[in-house]
Amino acid sequence: MKLTFFGAARAVTGSCHCLEVGGRKILIDCGLQQGGDEHDGNTLDFAPGYIDYVLITHAHIDHSGRLPLLVKEGFNGRILTTGLTAELMSVMLRDSAHIQEGDANWQNQKGKRAGLPPVEPLYTLADAEEAIHMLETVEYGWLFDLCEGVKVRFTDAGHLLGSSILEIWATENGVTKKIVFSGDLGNEAQPIIRDPSPVDSADFVVMESTYGDRNHEPPESYTGALAQLIDEIFAKGGNIIIPSFAVGRTQELLYYLREIKRDGLVQSLPSFKVYVDSPLAAEATKIYSGNLKGYLDDDAIAVIQGGENLFTFPGLTLTQSTEESRALNDDRTPKIIISASGMCDAGRIRHHLKHNLWRPECAVVFVGYQGEGTLGRRLLEGAKSVKLFGEDISVRARIVNFKGLSSHADRDHLLAWVDHFAPRPQQVFVVHGDAQVTELFANDLNQRGIPAHAPLYEEVYDLMTNCMLAKGVVLEHKPKLSGASSSPAFVRLQDTARDLELLISRSRGRTNKDLAKLADQLRQIMDKWDT
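Since we're looking at a predicted model, the values are computed, not measured.

1. A closer look at helix H7 (residues 279-288)
Along H7, 7 of the 10 residues are buried, which leaves the element largely enclosed by surrounding structure. When we look at burial in H7, the residues that qualify are Leu 280, Ala 281, Ala 282, Ala 284, Thr 285, Ile 287 and Tyr 288. Buried residues belonging to H7 abut helix H3 (83-113), helix H6 (249-262), strand S13 (273-277) and strand S14 (316-318).

As structure tokens, this is what we get:
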């Protein structure tokens, strides 16, 4: 009985763990490595054809995003998850496939001019469709036989609608071990979804540690604070731009905005418009507006029983086309625009920032974590200007950060969750966090008398003897791109590189003499620094 860590080991993304029981291989999550966690082009370091089952904790791409690749490379077993997770995955995996295909097309357009061989996308829409077709659904609380010697139960993790903690009872040679995979544990007292379910017993626990080194700020009245901000900005004639993650956080915002509308908390423009400018967010919102029986908290159930829809209200528009998106910036009526990406490094949000950051009557509202070096982090840290699409944009809009909003449990809540286990687990594997955070949280657990460590990538652990079989390796991760480096100077260098590319594109048609001179000057600079 072995456990191997193929992802999220001293890293935040790419969750992927393999449990071997009685000759069967069970994959828990198959997530995409993102940003600085990416290595080896997101390849799979195991043979997909030898995997028998996949259990998915929730729909976020860093937990499910390599499923189409798994299928593409020969997996033909069973994929199980909750019903709502399957619905969300159906839109998220298709969206991810479009991104993979688009990235490959962009690289090939550039590579063709440079005489490079074509590249293939990590996977295609057809691969995603095949993976979606293979999904099987279960519901919370069912205890079922996955295969001989393995029983499984999905329990509410309170992180995203449909998200799960996995309880697995594995029996080999007459000995049974219980292994619990936390998935991503949710923050407490969130709207819409229930708090994470406590689990009382386990021999081994694989647990996340995203916020294992810090606590969230005390909760505040988000509806009151947001309504006050909306009132102030609309009174000035400005827009409110909200960068938001498409699945989960956007729907949470709509829940708050529905309450604000219902209670008439905005006096300056009571009939204000709200636009969700993200096709993925629009599709996810439609799913959130469907049958959510068995997934909601008591407050959300009461809203539905009162005849209201959780996420729709007068004045809400879900935009789809790029033409609709562009038109939002031509309309001078004050409005709220919620758009992806949540950290401002890609997507339609960058266009809305370009048109609104320089306007002092507007506000940009952050409602989620902003990674080191991202455009969102730079704005929060007080950048006076940023470069968007080759233009220097002055930052004169009001920048607001709702720090308490988070879909992840913080340090105290993580500790409280693991304290439920009685007796103590034989070992806790701390995953899904930055390298320093996983080690720090594992040390915290050890000091509390709970044996724990942060496994390395490809570590192999024997669950029968409670000992490590292979230590694993330290990965050299891909440098973060698109402004996601740790150095502001490096971000500036990347912005300059993008400007240079635009300059080169605009130089087409100049005389050969001028083009040669420019190329020679650039080559001199490159040779000087390439040492």
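2. Topic: the packing of helix H5 (residues 222-235) against H6
How two helices pack is summed up by the angle between their axes together with the distance between the axes. Across the interface, H5 lies against H6 with an axial gap of 10 Å and an inter-helix angle of 70°. In this view, H5 runs roughly perpendicular relative to H6, as classed from their interaxial angle. Side by side, H5 and H6 meet where Tyr 222, Thr 223, Leu 226, Ala 227 and Ile 230 of the first sit next to Tyr 256, Leu 257, Glu 259 and Ile 260 of the second. Considering only residue class, the contact of H5 with H6 consists of 7 nonpolar, 1 polar and 1 charged.

3. A short note on the pattern of salt bridges
Under the defined criterion, the tally for this structure stands at 23 salt bridges. A salt bridge links Asp 213 to Arg 214; the nearest nitrogen and oxygen atoms lie 2.5 Å apart. Looking at Asp 213, the relative accessible area reads 33%, which means it is partly exposed. For Asp 277, the salt bridge is made with Arg 348, and the minimal N-O distance between the two is 2.7 Å. With a gap of 71 residues between them, Asp 277 in strand S13 and Arg 348 in the loop between strand S15 (335-339) and helix H10 (349-356) connect regions that are remote in the sequence. Asp 277 gets classed as buried once you look at its relative accessible area, which sits at 0%. Accessibility expressed as a relative area gives 15% for Arg 348, which makes it buried.

4. Some points on the sheet that holds strand S10 (residues 175-181)
One open sheet holds the 7 strands; their spatial order is S7-S8-S9-S10-S11-S20-S21, and the pairing between them is mixed. Because the sheet does not close on itself, it has two edges, and the strands there are strand S7 (143-147) and strand S21 (452-453). One ladder, built from 7 bridges, connects strand S9 (residues 164-172) with S10; its direction is antiparallel. Residue Ala 170 lies in a different strand from S10, and its bridge partner there is Lys 177. Strands S9, S10, strand S11 (204-208) and strand S20 (427-431) of the sheet are contacted by helix H12 (residues 411-418), whose axis makes an angle of about 165° with S11. Sheet strands in contact with helix H13 (residues 435-447) are S11, S20 and S21, and its direction is about 155° off that of S20.

5. Here we look at the packing of aromatic side chains
Taken as a whole and assessed by the stated rule, the structure comprises 11 aromatic pairs. Plain terms: the ring middles of Phe 204 and Phe 429 are 6.3 Å apart, the flat faces sit at 25° to each other, and that makes the pair stacked. Of this pair, Phe 204 sits in strand S11 while Phe 429 is found in strand S20, placing the two residues 225 residues apart along the sequence. Residue class for Phe 429 comes out buried when judged on its relative accessible area of 0%. When the ring of Trp 417 is compared with that of Phe 421, the centres are 5.3 Å apart and the planes differ by 85°; the resulting orientation is edge-to-face.

6. What about the nonpolar core?
Counting 110 residues, the largest nonpolar core has Ile 240, Leu 257 and Ile 336 as its most contacted members. Counting residues per element, this core draws most heavily on H3, at 8 residues. In this structure, Ile 336 is in contact with Ile 230, Phe 234, Ile 240, Ile 242, Leu 257, Phe 272, Lys 273, Val 274 and Tyr 275, ignoring residues within four places of it in sequence. Within the second largest apolar cluster, 21 residues are counted, among which are Leu 414, Val 428, Val 430 and Phe 441.

7. What to know about the confidence of the model for the protein
Mean pLDDT over the protein: 88, with 92% of residues reaching 70 or higher. Counted against residues more than four places away or in other chains, residues 480-486, with its pLDDT under 50, gives 23 contacts.

8. Some points on unusual backbone geometry
A cis geometry characterises the amide bond from Ala 340 onward to Ser 341, with omega recorded as 10°. Tracing the backbone shows Ser 341 in the loop between S15 and H10. Residues Ala 422 and Pro 423 are joined by a peptide bond in cis, for which omega reads 0°. One non-glycine residue, Arg 10, lies in positive phi territory at about 55°.

9. Remarks on the pairing of strand S1 (residues 2-7)
In terms of burial, S1 is a largely internal element, 5 of the 6 residues being buried. Sheet analysis places S1 next to strand S22 (residues 460-462), joined by 3 bridges and oriented antiparallel. By the bridge assignment for S22, Leu 3 is matched with Tyr 461. As judged from the 5 bridges shared by S1 and strand S2 (residues 16-21), these two strands associate in the antiparallel manner. Following the sheet pairing, Gly 7 is matched in S2 by Cys 16.

Quick notes on the rules
- Numbers given to residues run from 1 along each chain, matching the order in which its sequence is written.
- Local features in this predicted model are restricted to residues whose pLDDT is 70 or higher, and side-chain atom pairs enter the listing and the counts only when it is 80 or higher, whereas totals over whole chains, interfaces and linings include all residues.
- Just so you know, side-chain values use all the structure's heavy atoms and leave hydrogens and water out.
- Think of it in three bands: with a 1.4 Å probe and only protein chains considered, a residue is buried below 20% of the maximum accessible area for its type, exposed above 50%, and partly exposed in between.
- Helix and strand labels come from DSSP, where a helix needs a run of H or I of at least four residues and a strand needs a run of E of at least two; each type is numbered from the N terminus.
- In what follows, residue pairs with any heavy atoms lying within 4.5 Å of each other are defined as contacts.
- Under this scheme, a helix contributes an axis fitted over its contacting stretch, all axes are lines through C-alpha atoms, and angles between N-to-C directions fall in the 0 to 180 degree range.
- Should an angle lie under 35 degrees it is considered roughly parallel, over 145 roughly antiparallel, and from 65 to 115 roughly perpendicular; all remaining angles are considered oblique.
- The classification used treats Ala, Val, Leu, Ile, Met, Phe, Trp, Tyr, Cys and Pro as nonpolar, Asp, Glu, Lys and Arg as charged, and all other residues, Gly among them, as polar.
- Salt bridges are identified by distance alone: a Lys or Arg side-chain nitrogen within 4 Å of an Asp or Glu carboxyl oxygen.
- Any two strands with at least two DSSP bridges between them are considered paired.
- Put simply, two rings from Phe, Tyr or Trp (the six-membered ring, in Trp's case) pair if the centres are within 6.5 Å, and we call them stacked under 30 degrees between planes, edge-to-face over 60, tilted for the rest.
- Only buried residues count toward a nonpolar core, which is a set of Ala, Val, Leu, Ile, Met, Phe, Trp, Tyr and Cys residues joined through side-chain atoms within 4.5 Å.
- As a per-residue measure, pLDDT tells how confident the predictor is, with possible values from 0 to 100.

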